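Architecture at a glance
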Amino acid sequence: MRLAAGLLSLVLLAPAAGWAQSAGEVERCFQNPAACANGAAGGSPGRAAPAPAPPPAPVAARPAPAPDYATVLNSPDPDRRKIQESLRTLDKYNGPIDGNLQSEATMKAIADWQKGRNTPAVGKLTPQEAAQLNAEAARAPIRRLESPPPQTAAPVPLQPPPPSNADTLKALQARLAERRKAAEPKANAAAQALVRDLKAYIAADGKGVAGDQFASFAKWYADNKAAGRTVGEITPVIDDYGDAKAGAATTTEVKFETKQGDKTYGQCLVFAWIEASPRKNPQAFTCDDVAAVEKWKTDQALKSAWR
Amino acid sequence: MLRIAASILLAVVSFAPVLGSTAWAQSYGKAERRDPIFLRFADMANRYWVNSETNSASHKVVAIPMPKQCAFLYADAYTRGQQSESEVQQIAVSNCNRRLAELGPLGENYGVDCRCEVVISDERYVVPRSSMPDDAYGPASIFYRDDRGNIARLNGLVRYGALIGRDRSVTFTVDNPRGEQVCTGTMTNESPGSGQFSLSCFGGKFAGRGSYESRTGAPNDHIVARGQTGRGQPVTMVIGLPAQLAANTYGSL
């Protein structure tokens, strides 16, 4: 039973474990995401190896000549070192740069590179392959640290892959909806209290706490009065609500129906304040003054529970 | 008659590009306070719409690097009386180009040539509204150190549809310089200038999470996000600085 569970977990972890996450691999995937998004091109999942070459066209029954490995093996020392450098650049080789192409580490690195190209992993290179290897390394934008920092920390155990962004966003939206629902009673109460104060101020023809606290509203009322407009229906819509540094902050868009003769005009103000008695940091803005409202929220360090 | 009509049409078509090339010759509608460019650059919105000295200037001009994905900075210029509209436009473009030059080349981030252009002049758009940035864009760099100590430096551009630091949660995408979407992510603010981020690239094969903070002022407003991959390897993302500046400032992880 345990063995089965172990095998199952191995299978589940395989995609994450299979992808090496080497810096070179990550850079290549960034440059060519199509090669990485859907798993492997080449042997191991996620490797950004070039697509396998199409099979050669059939030719007349003439045996293919044996591959020429001797040329590269007998090439000048700088050329052989260059091949080791290229293998290192491509994250295949971590041994010494000594020009020995027949060392176990170098042959394994060459075989790895060949496997990634879907070519026979023989561990030796033809001149064409050597040129392709060097060219590939020259294209790879890798910057290697000369002296890697010592690995003193214990190896980090493999973790299951983190949830996708879509899932994270969905969970976040669900949490926000829950938080907003919890905040609704307080926010509604705050908005209704404001509307009561606004109505009282209008009923008293420009006297009361609403005008004392919201100077812009008092001016707005005076301007309308001077223009011969009366205020009718008042409709609040909560714009934002949440904790701020000085207490619970509310911003509410209030629509006023104003009348002049037989004409009706819709007008709109945004009221912002911190809940307290009297209200703290109260301000009123015109509804198109979005930037100023947002700045007020930023100044209050509002952590929204509303949106 | 038909010949006359045809020649008039030809003349209009021929002159259209010439008219379009002079910023003050065409208008593409009135600038509004709620337009994305003012929401993106709040300080500029304040100068343009609120501050009594600049708000009432006789000429008000805004220049940004274009095309729209390059618009991660801006220059606004205001004057009273003395200067002509075209002179104020030149000042705005020149200030915008100077800011770009100070930050360094953008070639590692963008596959397009980013050049400053006047986009608003005297409260009217002088480029088509469809060419204006509809989202927030900027250069982005991701630095990742693997378990062998090798560092990957990934440079491209980021796009996000809301205001990081103001909206509670902001999703973003990272494109490579060829314009291919490579990564997606989320930033969730905990205070106006900081919060948590997550990043997922290549269909989830490379992912990281951690915290971010906004940094304002010189050399340019930017965001730096630091975290780890699922395997505990460090990953840093910088938004708002060109590749070389980002690498010099944060590239050593």
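Throughout this description, residue numbers start from 1 for each chain and increase along the sequence as written. Just so you know, chain letters begin at A and ligand numbers begin at 1, following the order they were written in. Per-residue local features are limited, in this predicted model, to residues with pLDDT of at least 70; the limit for side-chain atom pairs, both in listing and counting, is 80 or more; totals at the level of whole chains, interfaces and linings are taken over all residues. Where side-chain values are given, they derive from all heavy atoms of the structure, hydrogens and water being excluded.

**Remarks on helix α7 (residues 127-139) of chain A**
Residue and element names in this part refer to chain A. Going by this rule: By definition, any uninterrupted DSSP run of H or I lasting at least four residues is a helix, any uninterrupted run of E lasting at least two residues is a strand, and each is numbered from the N terminus. The span expected for a helix works out to 1.5 Å for each residue beyond the first. Buried residues are those whose accessible area, probed at 1.4 Å on protein chains only, stays under 20% of the maximum for their type, while exposed residues exceed 50% and partly exposed ones sit between those limits. This arc is built from the directions going out from the helix axis to the C-beta atoms. Residue contacts are defined here by distance: any two heavy atoms, one from each residue, within 4.5 Å place the two residues in contact.
Compared with the 18 Å implied by 1.5 Å per residue over 13 residues, the 19 Å span of α7 between its first and last C-alpha is a close match. Restricting attention to buried positions, one finds in α7 the residues Glu-129, Ala-130, Leu-133, Glu-136 and Ala-137. For α7, the buried positions fall inside an angular range of 130° around the axis, keeping them on one side. Seen from the open side of α7, the exposed residues pointing more than 90 degrees away from its buried face are Gln-128, Ala-138 and Arg-139. Buried residues in α7 make contact with α4 (70-73), α5 (77-89) and α6 (104-116).

**Concerning the state of the cysteines**
Put simply, the rule reads: The disulfide criterion is simple: two cysteine sulfur atoms within 2.5 Å.
Within this structure, the stated rule accounts for four disulfides over all chains. Through a disulfide, Cys-268 of chain A is tied to Cys-287 of chain A; the S-S separation comes to 1.9 Å. Disulfide Cys-268 of chain A to Cys-287 of chain A: torsion about the S-S bond roughly -65°, handedness left-handed. Of this pair, Cys-268 of chain A sits in strand β3 (residues 263-274) while Cys-287 of chain A sits in the loop between β4 (280-286) and α11 (290-299); the two residues are 19 residues apart in sequence, bridging distant segments of the chain. Through a disulfide, Cys-183 of chain B is tied to Cys-201 of chain B; the S-S separation comes to 2.1 Å. Between Cys-183 of chain B and Cys-201 of chain B, the disulfide has an S-S torsion of 100° and is therefore right-handed. On the criterion of sequence distance, the pair formed by Cys-183 of chain B in strand β8 (residues 181-191) and Cys-201 of chain B in strand β9 (residues 194-201) is long-range, its members being 18 residues apart. Judged by its relative accessible area of 0%, Cys-183 of chain B is buried. The class of Cys-201 of chain B is buried, set by a relative accessible area of 0%.

**Overview of the nonpolar core**
Selection criterion: Residues belong to a common nonpolar core when they are buried Ala, Val, Leu, Ile, Met, Phe, Trp, Tyr or Cys residues joined through side-chain atoms within 4.5 Å.
Grouped together as the largest cluster of nonpolar side chains are 30 residues, with contacts concentrated most on Phe-202 and Met-237 of chain B. If you look at the next biggest cluster of nonpolar residues, it comprises 28 residues, including Cys-116, Tyr-137, Leu-157 and Leu-245 of chain B.

**Observations concerning unusual backbone geometry**
The step from Ser-277 of chain A to Pro-278 of chain A runs through a cis peptide bond, and the omega angle for that step is 0°. The residue Pro-278 of chain A is located in the loop between β3 and β4 in this model. Here the residue pair Met-66 of chain B and Pro-67 of chain B is connected by a cis peptide bond, since its omega of 5° sits within 30 degrees of zero. Looking at where Pro-67 of chain B falls in the secondary structure, it is placed in the loop between β1 (59-66) and β2 (75-79). Positive phi values are uncommon outside glycine, yet Asp-91 of chain A reaches one of about 65°. Within the secondary structure, Asp-91 of chain A sits in the loop between α5 and α6.

**Comments concerning helix α5 (residues 85-103) of chain B**
All names here are of chain B. With 19 residues, α5 should reach 27 Å at 1.5 Å per residue; the first-to-last C-alpha distance of 28 Å fits that figure. For α5, the set of buried residues is Val-88, Gln-89, Ala-92, Cys-96, Leu-100 and Leu-103. The buried residues of α5 occupy one face: seen down the axis, they fall within an arc of 115°. For α5, exposure combined with an orientation more than 90 degrees from the buried face picks out Gln-90, Ala-101 and Glu-102. A positive backbone phi angle near 105° is found at Gly-104, which sits one or two residues after α5.

**Description of the environment of Ala-140 of chain B**
Residues and elements named next belong to chain B. One can find Ala-140 in strand β5 (residues 136-145). Residue classification places Ala-140 among the buried residues on the basis of a relative accessible area of 2%. For the pair Ala-140 and Pro-242, spaced 102 residues apart in sequence, the C-alpha to C-alpha distance is 7.2 Å. Beyond its immediate chain neighbours, meaning those up to four positions away, Ala-140 contacts Asn-109, Leu-154, Asn-155, Gly-156, Leu-157, Val-158, Val-238 and Ile-239.

**Re the sheet that holds strand β1 (residues 230-244) of chain A**
Residue and element names in this part refer to chain A. Convention followed: Paired strands, as defined in this entry, are two strands with at least two bridges between them according to DSSP. Every axis in this analysis is a line fitted to C-alpha atoms, fitted for helices over the stretch in contact. Angles between the N-to-C directions lie between 0 and 180 degrees.
With antiparallel pairing, the five strands of this open sheet are ordered in space as β4-β3-β2-β1-β5. Strand pairing shows two members of the sheet lacking a second neighbour, β4 and β5 (303-304), which therefore form its edges. Packing against the sheet, helix α10 (residues 215-226) makes contact with β1, β2 (247-260), β3 and β4, and its axis sits at approximately 165° to β3.

**Section: the environment of Ala-247 of chain B**
Residue and element names in this part refer to chain B. Within the secondary structure, Ala-247 sits in helix α6 (residues 243-250). Accessibility expressed as a relative area gives 18% for Ala-247, which makes it buried. For Ala-247 and Asn-155, which are 92 residues apart along the polypeptide, the C-alpha to C-alpha distance reads 9.7 Å. Not counting chain neighbours up to four residues away, the residues in contact with Ala-247 comprise Phe-143, Arg-153 and Ser-252.

**Section: the sheet that holds strand β10 (residues 206-215) of chain B**
The eight strands are arranged β5-β6-β7-β8-β9-β10-β11-β12 (chain B) in a closed barrel whose pairing can be described as antiparallel. Averaged over all pairs of adjacent strands, the angle between their axes in this sheet comes to 30°, without regard to strand direction. The pairing of strand β7 (residues 169-175) of chain B with β8 of chain B spans seven bridges and is antiparallel. Within the sheet, the bridge partner assigned to Phe-172 of chain B lies in β8 of chain B and is Gly-185 of chain B. Contacting β5, β6 (151-160), β7, β8 and β10 of chain B, helix α2 (residues 23-31) of chain A runs over the sheet at an angle of about 35° to β6 of chain B. Most of the contacts of α6 of chain B go to β5 of chain B, to which it runs at about 45°, and overall it touches β5, β6, β10, β11 (222-229) and β12 (234-239) of chain B.

**A closer look at the pattern of salt bridges**
Applicable threshold: Salt bridge, as used here: a side-chain nitrogen of Lys or Arg that lies within 4 Å of a carboxyl oxygen of Asp or Glu.
For the coordinates displayed, the defined rule picks out 24 salt bridges over all chains. Asp-135 of chain B serves as the salt-bridge partner of Arg-159 of chain B, at 2.8 Å between the closest nitrogen and oxygen. With Arg-159 of chain B in strand β6 and Asp-135 of chain B in the loop between β4 (124-125) and β5, this residue pair connects regions lying 24 residues apart in the sequence. Owing to a relative accessible area of 33%, Arg-159 of chain B belongs among the partly exposed residues under this scheme. The class of Asp-135 of chain B is partly exposed, set by a relative accessible area of 22%. Through salt bridges with shared partners, a single ionic network connects Asp-239, Asp-240, Glu-294 and Lys-297 of chain A.

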